[in-house]
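As a plain string of letters, each chain reads:
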2 protein chains.
Amino acid sequence: MAFQERLRKLARLAVRMGVNLQEDQMLVINAPIECAEFARLAAEEAYAAGAHDVALNWNDEKMARIRYEKARDAVFSEFPSWRQKFYMDYAEQGAAFLSIAAQDPEIFRSVAPDRLLRSRQAAGAALMEYRERLMKNRNTWCVVSVPTRAWAKKVFPDVSADEATDKLWEEIFRTVRVSEESDPVEEWRAHTAFLAKAAAFMNDHAFRALHYQNGLGTDLTVRLPEGHIWAGGAEQSELGTIFVANMPTEEVYTAPLRDGVDGTVYATRPLVYEGNLIENFRIIFERGKAISCAAERGEEHLKSLLAVDDGASYLGEVALVPYDSPISKSGVLFYNTLFDENASCHLAFGKAYPTCLKGGEKMASVELLQHGLNDSLVHEDFMVGSEDLSIMGIQKDGAEVPVFVDGKFVF
Amino acid sequence: MAFQERLRKLARLAVRMGVNLQEDQMLVINAPIECAEFARLAAEEAYAAGAHDVALNWNDEKMARIRYEKARDAVFSEFPSWRQKFYMDYAEQGAAFLSIAAQDPEIFRSVAPDRLLRSRQAAGAALMEYRERLMKNRNTWCVVSVPTRAWAKKVFPDVSADEATDKLWEEIFRTVRVSEESDPVEEWRAHTAFLAKAAAFMNDHAFRALHYQNGLGTDLTVRLPEGHIWAGGAEQSELGTIFVANMPTEEVYTAPLRDGVDGTVYATRPLVYEGNLIENFRIIFERGKAISCAAERGEEHLKSLLAVDDGASYLGEVALVPYDSPISKSGVLFYNTLFDENASCHLAFGKAYPTCLKGGEKMASVELLQHGLNDSLVHEDFMVGSEDLSIMGIQKDGAEVPVFVDGKFVF
């Protein structure tokens, strides 16, 4: 009963605060078939909130793996136009998009990287307009997670699948601030207010660059474009709806200057890319481009990611997360970007969020590029925060202001 | 292990004999999310058979019920155009369609019949061209079933859901001729040859009408159109592929003359329509039209079915099944038309199969109607066979030839 109550609270949170569904608005739910129970609760909550209708977009990673392994090679460059129409029709109707991210982090381990790459490229090209809309907040969207057995077993390998699932549920409820006692919507109002304050600190300083250093060997300078905006917590859609795109979220973030990244950065947590684990890697940047990379595990997948297109080897996001965030403190490695990125300061390869530039949401890709914002079919976060991370903000006049000391905000 | 082996044999049977998938052909699988294990096996078998690709069209009856109960009234007259495109794009590419029919027979019991009706009408209108293609065998298609827990519990209410599921599996394997020992593809070659012989007997006589009588009170004359064709077992697609549209199948069938049905007929098994049970009913026909109906249970749903459109109250199929068919002998009521129709002689409200008329697959609906074939958005079978059923064939010269005596073929 207590569990069911929290489950419903999470569904309500995702609908009311996540996508913040409005009266007569359409809701699209992207859900793994294994997460049907939660998807159904979210649908019920959406109808209770006055949804026009709810459309389910089921997916099944086991079926996807069968296809990656058994289908003929040509199909991975194809993308069905009905699926493109699915996303675009609902986006143009002003739908909200709720996605349930729950993947076995190693489901595609044995799949040929070339098939994953081409598949990603085909989807990226076909869904470019749809994804642009979401990145520009023309539609509200939210990503939440619920456990699947395979994912839970990866996070907690030493216990049974049932127990692992229970433990993962507890971690998820904790990190998204859902408990039996409190109203998570109220909790989230307070939390997003704190993130707004951190973003305001960064925006007030309007730094020209950030300089990262730690004992691992990271020594990286990231310049920020003129007119960049730090955001975090709640966002605002084109139509003025306040929504929370990621649950959990602990970050404030902006766009780096595409050609303004120089130095070396060491990843501090594994990156799961297309079901493949990339661990203990470092990247060297020169004038924005990743010119060299090495990884103890999954190096070929890292290289495959950087090769998706030209923009994939440039950065599109710089995000600040205190090293003592609740997710970091839990010490759990979730093998899921939604959680792991909120444990740590991170950067992202690929596309920048247009909303991170003044007036950016009204600019075409080419114009955004002229303003220094990277473009790509991909957007992949990787973690760079550590207990000893220092970040100095460099002002226009060259003066340095401490932003992070010992992995935490100074402000 | 033995179970897994039979499961895979069934998947292979559905792919190789059911839709008879050809090299480089696309396969669409319509599957309840609860039947994912079988759907994945069918996909594997399809790739092994040389499929171009496999597209999954997942559905979830529990989500459908939530929608029927909670969504606003207007949506039930809507049908998304991306879904129409999904079916038509694949149909026009020459895809094969494999559907897994597995429904809790009472899932929609508490849903307002008007919502079900409008939903059906909207889907019927949007998918008319797609369904026409399948009815004309322009694409190969096959319907098979695998258990869901709710369905199994309905069929075997006195045992646990686990045990009920096991028992339903045994019944399904038996009726589709899948066993550990034999090759089901060979079994089906012999079985479809028998059905072809029964169809040939009926075609050779080219009866003008059939006269049904039994002790329940059935006294019905069904005239048959000029040029009608009896079919059964395997069918042939436009491109010449031999396929089996229903597994199991025990029937030979043709189209009745739309305005040529007169008298009274008593149903001998329940009809499950849109998740609602209709039991112990009788219909009176006059010049083809059902002018009166009564049911001990679910009469409002029967009336709702007959009211879908003009053609829904006329017959579109007449099918002969010996009373001693394997499904009939099992004595199990499956609450699933795919099985129950093969337990008994039956009739269907609604659309006639164009393939049941010489040259029909090349005719438009209006032309088919001129030849006496009924048209409708629906096609719903109901059972009329009984142990004492007699069917006399009436020849053009008025002479009568026994077709069924005591519920069985005479030939």
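Parameters and conventions
Residues numbered from 1 in each chain as written. Chains lettered and ligands numbered in written order. Predicted model: local features only at pLDDT ≥ 70, side-chain atom pairs only at ≥ 80, totals over all residues. Heavy atoms only, no water. 1 Å grid on protein atoms, 1.4 Å probe; cavity = no way out; pocket = protein on both sides within 12 Å on 5 of 7 lines; lining within 4 Å. Points joined across faces, edges and corners; volume = space filled by probe spheres on them. Helix = DSSP H or I, 4+ residues; strand = E, 2+ residues; numbered from the N terminus. Nonpolar A, V, L, I, M, F, W, Y, C, P; charged D, E, K, R; others polar. Least-squares fit on C-alpha atoms with pLDDT ≥ 70 in both. Contact = heavy atoms within 4.5 Å. Buried < 20%, exposed > 50% of the residue type's maximum accessible area, 1.4 Å probe, protein only. Salt bridge = Lys/Arg side-chain N within 4 Å of Asp/Glu carboxyl O. Axes fitted to C-alpha atoms, helices over the stretch in contact; angles between N-to-C directions. Parallel < 35°, antiparallel > 145°, perpendicular 65-115°, else oblique. Left-handed = near helix turned anticlockwise from the far one by under 90°. Polar contact = N/O pair within 3.5 Å; in protein donor to acceptor, adjacent residues only side chain to side chain. Pairing = 2+ DSSP bridges. Phe/Tyr/Trp six-rings, centres within 6.5 Å; stacked < 30°, edge-to-face > 60°.

Student: Any chance you could explain the layout of surface pockets here in plain terms?
Tutor: The probe, sized like a water molecule, is rolled over the atoms to show the empty space still left. All names here are of chain B. Approximately 440 Å³ is the volume attributed to the second largest pocket. Lining of the second largest pocket is provided by 21 residues; of these, Asn137, Ala231, Glu235, Gln236 and Thr355 occupy positions nearest its centre. Top contributing element to the lining of the second largest pocket by residue count: helix H9 (residues 184–205), with four residues. Across the lining of the second largest pocket, the residue classes break down as nine nonpolar, six polar and six charged.

Student: Please clarify how the relation of the copies chain A and chain B should be interpreted in this entry.
Tutor: Relating the two copies of this chain is a rotation about some axis coupled with a shift parallel to it. Aligned on chain B, chain A shows an RMSD of 0.0 Å; the corresponding rotation is 180° and the shift along the axis is 0.0 Å. Such a turn and shift between the copies fits a two-fold axis. Looking at chain A, 100% of its interface residues are interface residues in chain B too, so the copies touch through the same face.

Student: When you look at helix H6 (residues 128–135) of chain B in this model, what are you seeing that I'm missing?
Tutor: Helical geometry: 3.6 residues make up each α-helical turn, so side chains three or four residues apart lie on a common side. Residue and element names in this part refer to chain B. Looking only at H6, the buried set comprises Tyr130, Glu132, Arg133, Leu134 and Met135. Against helix H4 (81–92), strand S3 (96–100), strand S4 (141–144), helix H13 (365–370) and strand S17 (379–383) lie the buried residues of H6. One or two steps after H6, the chain reaches Asn137, where phi turns positive at roughly 60°.

Student: What's the story with the pattern of salt bridges in this structure? I'm lost.
Tutor: Oppositely charged side chains may form a pair once their charged atoms are brought near each other. All names here are of chain A. Within the structure shown, the criterion is met by 58 salt bridges over all chains. We note a salt bridge from Glu279 to Arg297, for which the minimum N-O separation is 3.6 Å. Of this pair, Glu279 sits in strand S13 (residues 276–286) while Arg297 sits in strand S14 (residues 289–297), placing them 18 residues apart in sequence. By relative accessible area, Arg297 is classed as partly exposed at 33%.

Student: Whenever I open this one, the packing of helix H1 (residues 2–18) of chain B against helix H2 (residues 36–48) of chain B confuses me. Can you help?
Tutor: Residue and element names in this part refer to chain B. Relative to each other, H1 and H2 sit at 55°, their axes nearing to 8 Å. One way to sum up the angle between H1 and H2 is to call them oblique. Both H1 and H2 take part in a crossing whose hand is right-handed. Between H1, through Gln4, Leu7, Arg8, Leu10, Ala11, Arg12, Val15 and Arg16, and H2, the contact on the second element is made entirely by Glu37, Phe38, Leu41, Ala42, Glu44, Glu45, Ala46 and Ala48. Of the residues in the contact of H1 with H2, the class split is nine nonpolar, one polar and six charged.

Student: What is the right way to look at the environment of Lys62 of chain B in this model?
Tutor: Within the element layout of this structure, Lys62 of chain B appears in helix H3 (residues 61–70). With a relative accessible area of 37%, Lys62 of chain B lands in the partly exposed category. Taking the C-alpha atoms as reference, Lys62 of chain B lies 35 Å from Ser365 of chain B; in sequence the two are 303 residues apart. Beyond its immediate chain neighbours, meaning those up to four positions away, Lys62 of chain B contacts Arg40 of chain A together with Ile107 of chain B.

Student: Whenever I open this one, the environment of Thr254 of chain B confuses me. Can you help?
Tutor: Residues and elements named next belong to chain B. Within the secondary structure, Thr254 sits in strand S10 (residues 252–254). Assessed through its relative accessible area of 0%, Thr254 is described here as buried. Those residues in contact with Thr254, other than ones at most four positions away along the chain, are Leu224, His228, Ile229, Trp230, Gly316, Glu317, Val318 and Cys356. A polar contact of 2.7 Å, which involves the side chain of Thr254, links it to the backbone oxygen of Ile229.

Student: How should I be thinking about the pairing of strand S5 (residues 209–213) of chain A in this particular structure?
Tutor: Looking along a regular strand, one sees the side chains alternate between the two faces of the sheet. Residues and elements named next belong to chain A. Judged by how many residues are buried, S5 sits mostly within the fold: four of five residues are covered. Here five bridges tie S5 to strand S6 (residues 219–223), and the two strands are oriented antiparallel to one another. Residue pairing across strands places Gln213 opposite Asp219, the latter belonging to S6. Joining the antiparallel neighbours S5 and S6 is a turn of five residues, in which Gly217 adopts a positive phi near 125°.

Student: Help me out: how do you make sense of the packing of aromatic side chains in this one?
Tutor: Aromatic ring pairs are defined here through the distance separating the ring centres and the angle between the ring planes. Inspection of every chain in the model, using the stated rule, returns 41 aromatic pairs over all chains. Ring centres 4.7 Å apart and planes at 20° place the aromatic pair Phe334 of chain A and Phe339 of chain A in the stacked group. Residue class for Phe334 of chain A comes out buried when judged on its relative accessible area of 0%. Phe339 of chain A sits in the buried class, given a relative accessible area of 0%. Ring centres of Phe201 of chain B and Phe411 of chain B lie 5.3 Å apart, and the angle between their planes is 25°; on these two criteria the pair is classed as stacked. Of this pair, Phe201 of chain B sits in helix H9 while Phe411 of chain B sits in the segment after strand S20 (408–409), and the two are 210 residues apart along the sequence. Given a relative accessible area of 17%, Phe201 of chain B falls into the buried group. Under the relative-accessibility criterion, Phe411 of chain B is labelled partly exposed at 35%. Put simply, the rings of Trp82, Phe86, Tyr87, Tyr90, Phe97 and Tyr130 of chain A together with Trp82, Phe86, Tyr87, Tyr90, Phe97 and Tyr130 of chain B pair up and form one aromatic cluster.

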